[in-house]
Amino acid sequence: MIQFHHVTKRYPGGFEALSNVSLHLPKGEMAFLTGHSGAGKSTLLKIVSLIEKPTRGQAILNRINLGTLPRKRVPYIRRHIGFIFQDHQLLFDRPVFDNVAMPLIILGYPRNEIARRTRAALDKVGLLSKEKAMPITLSGGEQQRVGIARAVVHKPMLLLADEPTGNLDPVLSREIMQIFLDFHQVGVTVLVASHDLGLIEELGKPVITLNQGKVIHDDFGGLDDG
Amino acid sequence: MTDRHQPPRPGLLQRLSAWLGHHARSMVFSLGKLYRAPASTLMTVAVIAITLTLPAGFYLFMKNIENISGDLRSTTRISLFLKLDVGEQAAAGLRDRLQRQQGVADVRLISRDEALEEFRASSGLGDSLDYLKENPLPHTLLVEPASELDSPAIRQLLKRLQQQPEVDTAQLDTEWLERLYTLLDIARRAVIIISLLFSFAVLLIVGNTIRLDIQSRYQEIVVTKLIGATDAFIRRPFLYSGVWYGLFGGLLAWIIVELSAMAIAGPYQKLGQLYRSDLSLVTFSMGDFMILIGASTALGLIGSWLAVARHLSEIEPQ
């Protein structure tokens, strides 16, 4: 699903966030991306989600070279990806239902289909009763679950999460991780950036560890040609 | 992994209806947004309306001046002052003869006595005129040229009338009319220049309003981009906002001009009466109204398009 071939990302000013990173996350796998803050986790996710382009090397998502993708095609690629942010990025001017329905509206689903799928996604994260609530009235864990519902409502083939439990207590964190495991169970590829090492160990999923922009540990064994 | 990179999408027909649906939704959504912020909406619409009122009002003013001057042209008359020794009977004879001539619509005889009475009434000299031993005024014929005659033809008619043996002086006072028409031409161009300048102002007003709107919805734009919205999708509600601003601004401008016209109509009619003509104020025709509304709506759309093109691409997820 995700392949990095000798990817280097250097920001203006010379800071090198990723140095010669090669890795491979196969389809249908779930993995954790760990490392200290500043190790390059966010940069790696930004390259996969087409926010940044690699300075050198090739980043490939589902056989598409992300470095050379024309700007016009970016939205269409992003529709395959569900993003979950640490600060969940909900829109506070509209109720939970409208937040979750956004990807479906963009994709052009008919109204009744939007309602059906949105309720299914909310049910999945246990928030069906809150569909009319405004996000501001929800707890932090609930807001994060709304964010997850929005990320999965259109059944993307890849879930990317950047520190999804960063602001949550251990019980809530475990709940959130369980939701990711559930999606992985039904065949979705999942990549979660986190530094909650205790929880990661507990879940027993493959881990890729970055340090100062380099891969220092990879349970997948990296790329054959890397 | 599937070989083809197929996004999870509904069918073509569904997407088409969804596309139309999104247009409708953007339209209603942007309208609702304006409705929910009545103060700022009203302010923007009022600024656009006032900006449009000036060229629209100027245009209406021109239309009325042209209306009056057209009226004046149709009342162009040639005054024939007859020689003093021509008697009343001969004058009437000349009147009948001219009446039958080509290019003459009507001839009216003002006898020297009538002329003196009129002069006595209008000049305010009153009884002092009694001291005159005899009436110094000649008989006068007022010749109205046929309406189809243009200026050169009228001049030719004037020449012909001048040559009549009974006529002392033939006078055609159209020079001031020509000057008026030249002035009108200048004013017409001024209206065009003013319209262009103020249209540009409307573009800037709408553009700036939409720019602020884009900035205040930065977060929403970032999120929708991240979940795969195309630029066209994000652009749409802003463009509709611009259309609404333009449409409402145009309508308000029309109302302002019509109300102003109503306020002017009374004294204007009185002025007309003073000139013994039944002038009534000309207001916007249906065509004028459509042009005003169409132009203001188009300006709203273009203004928002410029803002969106400039500022939307600057917003990218970080």
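Residues numbered from 1 in each chain as written. Chains lettered and ligands numbered in written order. Predicted model: local features only at pLDDT ≥ 70, side-chain atom pairs only at ≥ 80, totals over all residues. Heavy atoms only, no water.

Enquirer: Hey, could you run me through the packing of helix α1 (residues 12-36) of chain B against helix α8 (residues 231-274) of chain B in this one?
Expert: Each pair of packed helices can be summarised by the angle the axes make with each other and by the distance between the axes. All names here are of chain B. Relative to each other, α1 and α8 sit at 50°, their axes nearing to 8 Å. In this view, α1 runs oblique relative to α8, as classed from their interaxial angle. For the element pair α1 and α8, the recorded crossing hand is right-handed. Facing Trp19, His22, His23, Ser26, Met27, Phe29, Ser30, Leu31, Lys33 and Leu34 of α1, the residues of α8 in contact are Phe233, Arg236, Pro237, Tyr240, Ser241, Trp244, Tyr245 and Phe248. (Axes fitted to C-alpha atoms, helices over the stretch in contact; angles between N-to-C directions. Helix = DSSP H or I, 4+ residues; strand = E, 2+ residues; numbered from the N terminus. Parallel < 35°, antiparallel > 145°, perpendicular 65-115°, else oblique. Left-handed = near helix turned anticlockwise from the far one by under 90°. Contact = heavy atoms within 4.5 Å.)

Enquirer: Looking at this structure, how should I read the environment of B:Ala91?
Expert: Residue and element names in this part refer to chain B. Tracing the sequence through the fold places Ala91 in helix α3 (residues 88-99). Residue Ala91 is classed as buried on the basis of its relative accessible area of 0%. Apart from residues lying up to four places away in sequence, Ala91 is in contact with Leu82, Val86, Leu109, His139 and Leu141. (Buried < 20%, exposed > 50% of the residue type's maximum accessible area, 1.4 Å probe, protein only.)

Enquirer: Just to check I follow, could you spell out unusual backbone geometry for this structure?
Expert: Note on backbone geometry: most residues besides glycine have negative phi, and most peptide bonds are trans. All names here are of chain A. One non-glycine residue, Lys155, adopts positive backbone phi at about 50°. Residue position: Lys155 is located in the loop between α5 (140-152) and β7 (158-162). By relative accessible area, Lys155 is classed as exposed at 60%. The phi angle at Gln212 is positive, at roughly 45°, despite the residue not being glycine.

Enquirer: Help me out: how do you make sense of a nonpolar patch on the surface in this one?
Expert: Taken together, the side chains of B:Leu13, B:Leu16, B:Trp19 and B:Leu20 make up a nonpolar region of the molecular surface, amounting to roughly 460 Å² of accessible area. Given the relative accessible area of 42%, B:Trp19 is considered partly exposed. (Patch = residues over 30% accessible without salt bridge, like charges linked within 9 Å, V, L, I, M, F, W, Y side chains within 5 Å. Areas by Shrake-Rupley, 256 points an atom, 1.4 Å probe, with all protein chains shown as cover. Salt bridge = Lys/Arg side-chain N within 4 Å of Asp/Glu carboxyl O.)

Enquirer: Even after reading the chapter, I still don't get the packing of aromatic side chains, so can you show me in this structure?
Expert: The geometry of an aromatic ring pair is captured by the separation of the ring centres together with the interplanar angle, meaning the angle of the planes. Applying the stated rule across the entire model yields 5 aromatic pairs over all chains. Arranged with centres 6.1 Å apart and planes meeting at 15°, the rings of A:Phe83 and A:Phe85 form a pair that is stacked. Plain terms: the ring middles of B:Trp244 and B:Phe248 are 5.7 Å apart, the flat faces sit at 15° to each other, and that makes the pair stacked. You can see B:Trp244 and its partner B:Phe248 sitting in helix α8, 4 residues apart, about one turn around the helix. Judged by its relative accessible area of 13%, B:Trp244 is buried. Across from the ring centre of A:Phe183, 5.6 Å away, lies the NZ or CZ of A:Lys124, which sits over that ring. (Phe/Tyr/Trp six-rings, centres within 6.5 Å; stacked < 30°, edge-to-face > 60°. Lys NZ or Arg CZ within 6 Å of the ring centre and 35° of its normal.)

Enquirer: Is there a simple way to think about the pattern of salt bridges in this case?
Expert: A complete count under the given rule lists 18 salt bridges over all chains for this structure. The salt bridge involving A:Arg174 is made with A:Glu202; its shortest N-O contact spans 2.9 Å. Of this pair, A:Arg174 sits in helix α6 (residues 170-185) while A:Glu202 sits in helix α7 (residues 197-203); the two residues are 28 residues apart in sequence, bridging distant segments of the chain. Classification of A:Glu202 as exposed rests on a relative accessible area of 51%. Across the pair B:Lys33 and B:Asp213 runs a salt bridge, and its minimum N-O distance is 2.8 Å.

Enquirer: What exactly am I supposed to notice about the sheet that holds strand β3 (residues 30-34) of chain A here?
Expert: In any sheet, the strands associate via hydrogen bonds between backbone groups, in a parallel or an antiparallel arrangement. All names here are of chain A. Ordered in space as β6-β7-β8-β3-β9-β10, the 6 strands form an open sheet in which the pairing is mixed. Looking at which strands have only one partner, the edges of the open sheet turn out to be β6 (81-84) and β10 (214-218). Strand-to-strand twist of the sheet, defined as the mean angle between neighbouring strand axes without regard to direction, takes the value 20°. Sheet topology note: the β3/strand β8 (residues 189-193) ladder contains 4 bridges and is parallel. In the sheet register, Ala31 faces β8, and the bridge partner there is Leu191. (Pairing = 2+ DSSP bridges.)

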